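These are the residues of each chain, in order.
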Amino acid sequence: MTETPFNLDQHIARGVERIVADTLKATLRDPKESAFMLKFAAASRRATRRRLALAEQGEHIPSFLIASITSQCNLHCAGCYSRCNAATVDEAPVRQLSGDEWGDIFRQAEELGVSFILLAGGEPMLRWDVIEKAGAMPGMLFPIFTNGTFLGEKYLSLFDRCRNLIPVLSIEGGQDVTDARRGEGVYDKLIAGMDALQARGLLFGASVTVTTENLRAVTSPEFLRTLTDRGCKLVIYVEFVPVTDEARHLAPGDAERAQLAAAMAKLRRDNEEVILLAFPGDERADGGCMAAGRGFFHINSHGGAEPCPFSPYSDVNVREAGLRQAMHSRLFRALREGDFLDDAHVGGCVLFEKREQVEAMLAAPRSE
């Protein structure tokens, strides 16, 4: 019997539809949230059809993007890869994309069939103007990866009006480990924020950086219950990426990844009311790294199109080139056509692990 060849476009389309269906199931007890998700499910199916139609013409469109809408952040988290790469700073740079420019990028993405745009930073909730633009586009979902320290009444009201904006709060485990990495008092602000979101009946998630030190604690039923009891419907586990040699011991190895995969399988069986994702673990199970436009790419705060947030290299800017042209950058094509994205690696990101090779690829002369 001949094995059916792997089709990346169809695989990603099915994955997006599965996430939408799981999100709808997780919100069935909330009529307002469920009504929005039903409308979004229809919009997502239309987006999938647009992507598949373009794929039939030989043009692959990723299902989601990551947009770092600001380089500014108010926290100094220990081991932050973005600060170590000088991609995050204390004060907002002058040349960041404006709110109108981001709004135009969002519109271009919707026209191409992109279903999700993950808003990151820096601290994205410092950019009210951009998040307000995102809220005006109900046909797309915008998970907002935030440290949770700006979750006040103004944002709660916006999230209530614009159900396509989904805050995803970063937490490291319990109070001691969270405050040790993010700063004293941050854990209490996160818990207060979750309680406020739950009181308003708003959909929200949590993002957990997984290290060798907190793996057992953050995959325990007790920790997950701390989140779900407060109304959390989405938990994303992200493997720690070591940016210094001193931090390499914190990066999960093969044994820890196996432990994480087993824990995730059990948590999913026992907690059907919450969506549980793991990166890059779920990517490995689904055919390799999805960066460089295979499944997503990253736009930095200045408009540079990069393979992913952990691989801050760019040869095209969406400010000048537009989104569609950026998707076909020379660097992205080279990464997709080589074996970089399927290779084994240490830590959470193959492109970060092989950054010297990516830099050489970026510096290579253009062929005529």
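Residues numbered from 1 in each chain as written. Predicted model: local features only at pLDDT ≥ 70, side-chain atom pairs only at ≥ 80, totals over all residues. Heavy atoms only, no water.

(A) Main features of the nonpolar core. With 100 residues, the main nonpolar core has Ile-117, Leu-119, Tyr-237 and Leu-323 as its most contacted residues. In terms of residues, this core owes the most to one element, helix H8 (residues 186-199), which gives six residues. Among residues more than four places away in sequence, those in contact with Tyr-237 are Val-208, Val-210, Val-218, Thr-219, Phe-223, Met-264, Leu-267, Leu-276, Leu-277, Ala-278 and Phe-279. (Core = buried A, V, L, I, M, F, W, Y, C linked by side-chain atoms within 4.5 Å. Buried < 20%, exposed > 50% of the residue type's maximum accessible area, 1.4 Å probe, protein only. Helix = DSSP H or I, 4+ residues; strand = E, 2+ residues; numbered from the N terminus. Contact = heavy atoms within 4.5 Å.)

(B) Summary view of the environment of Lys-154. In this structure, Lys-154 sits in helix H6 (residues 153-161). Expressed as a C-alpha distance, the spacing of Lys-154 and Trp-128, which sit 26 residues apart in the sequence, is 9.7 Å.

(C) Quick peek at unusual backbone geometry. The omega angle of the peptide bond from Gly-121 to Gly-122 is 10°, so this bond is cis rather than trans. Residue placement: Gly-122 occurs in the loop between strand E2 (116-120) and helix H5 (128-135).

(D) Molecular detail of the packing of helix H2 (residues 31-56) against helix H4 (residues 99-112). It is at 7 Å that the axes of H2 and H4 come closest, and there the two elements cross at 70°. Taken together, the axis directions place H2 and H4 in an arrangement best described as roughly perpendicular. Facing H2, whose interface residues are Arg-50, Arg-51 and Leu-54, H4 presents Glu-110, Glu-111 and Leu-112. Taken together, the residues of the contact of H2 with H4 break down into two nonpolar, no polar and four charged. (Axes fitted to C-alpha atoms, helices over the stretch in contact; angles between N-to-C directions. Parallel < 35°, antiparallel > 145°, perpendicular 65-115°, else oblique. Nonpolar A, V, L, I, M, F, W, Y, C, P; charged D, E, K, R; others polar.)

(E) Inspection of the packing of aromatic side chains at higher detail. Applying the stated rule across the entire model yields eight aromatic pairs. When the ring of Phe-297 is compared with that of Phe-332, the centres are 5.2 Å apart and the planes differ by 50°; the resulting orientation is tilted. Within this pair, whereas Phe-297 is found in the loop between helix H12 (281-285) and strand E8 (298-299), its partner Phe-332 is found in helix H15 (residues 330-337), the two being separated by 35 residues in sequence. With a relative accessible area of 0%, Phe-297 lands in the buried category. Counting every residue linked through ring pairs, the aromatic cluster contains Phe-36, Phe-40 and Phe-116. (Phe/Tyr/Trp six-rings, centres within 6.5 Å; stacked < 30°, edge-to-face > 60°.)

(F) Structural detail: a positive patch on the surface. Together, Arg-45, Arg-46, Arg-49 and Arg-50 make up a region of like positive charge exposed at the surface. The exposed category is assigned to Arg-49, whose relative accessible area is 53%. (Patch = residues over 30% accessible without salt bridge, like charges linked within 9 Å, V, L, I, M, F, W, Y side chains within 5 Å. Areas by Shrake-Rupley, 256 points an atom, 1.4 Å probe, with all protein chains shown as cover. Salt bridge = Lys/Arg side-chain N within 4 Å of Asp/Glu carboxyl O. Lys, Arg positive; Asp, Glu negative; His and termini not counted. Charge placed at Lys NZ, Arg CZ, Asp CG, Glu CD.)

(G) Seen up close, the side chain of Arg-182. Among the structural elements, Arg-182 can be located in helix H7 (residues 175-182). On the basis of relative accessibility, which here comes to 11%, the residue Arg-182 falls in the buried class. A polar side-chain atom of Arg-182 sits 2.7 Å from a polar atom in the side chain of Glu-172. Filtering out sequence-adjacent residues up to four positions away, Arg-182 remains in contact with Leu-75, Cys-77, Asn-147, Ser-170 and Glu-172. (Polar contact = N/O pair within 3.5 Å; in protein donor to acceptor, adjacent residues only side chain to side chain.)

(H) Here's a closer look at the side chain of Glu-59. Mapped onto the fold, Glu-59 is located in the loop between H2 and strand E1 (64-68). For Glu-59, a relative accessible area of 13% translates into the label buried. Not counting residues up to four positions away in its chain, the partners in contact with Glu-59 are Arg-51, Leu-54, Arg-324 and His-328.

(I) Up close: the pattern of salt bridges. One pass over the full model with this rule turns up 15 salt bridges. With a shortest N-O distance of 3.0 Å, Arg-127 and Asp-129 are connected by a salt bridge. The class of Arg-127 is buried, set by a relative accessible area of 10%. The shortest N-O distance in the salt bridge between Arg-181 and Glu-172 comes to 3.2 Å. Exposure remark for Arg-181: the relative accessible area of 18% places this residue in the buried category.

(J) Broad picture of the environment of Thr-27. Looking at the secondary structure, you find Thr-27 in the loop between helix H1 (8-26) and H2. Each C-alpha atom of the pair Thr-27 and Leu-203 lies 7.7 Å from the other, and the pair is 176 residues apart in sequence. Leaving out residues up to four positions away in the same chain, Thr-27 has contacts with Glu-33, Ser-34, Met-37 and Leu-203.

(K) Representation of the pairing of E1 in the model. In terms of residue burial, E1 counts as a mostly covered element, since five of its five residues are buried. Neither face of E1 is left uncovered, since the one carrying Phe-64, Ile-66 and Ser-68 and the one carrying Leu-65 and Ala-67 both have all their residues buried. Here two bridges tie E1 to E8, and the two strands are oriented parallel to one another. By the bridge assignment, Ala-67 is partnered in E8 with Ile-299. (Pairing = 2+ DSSP bridges.)

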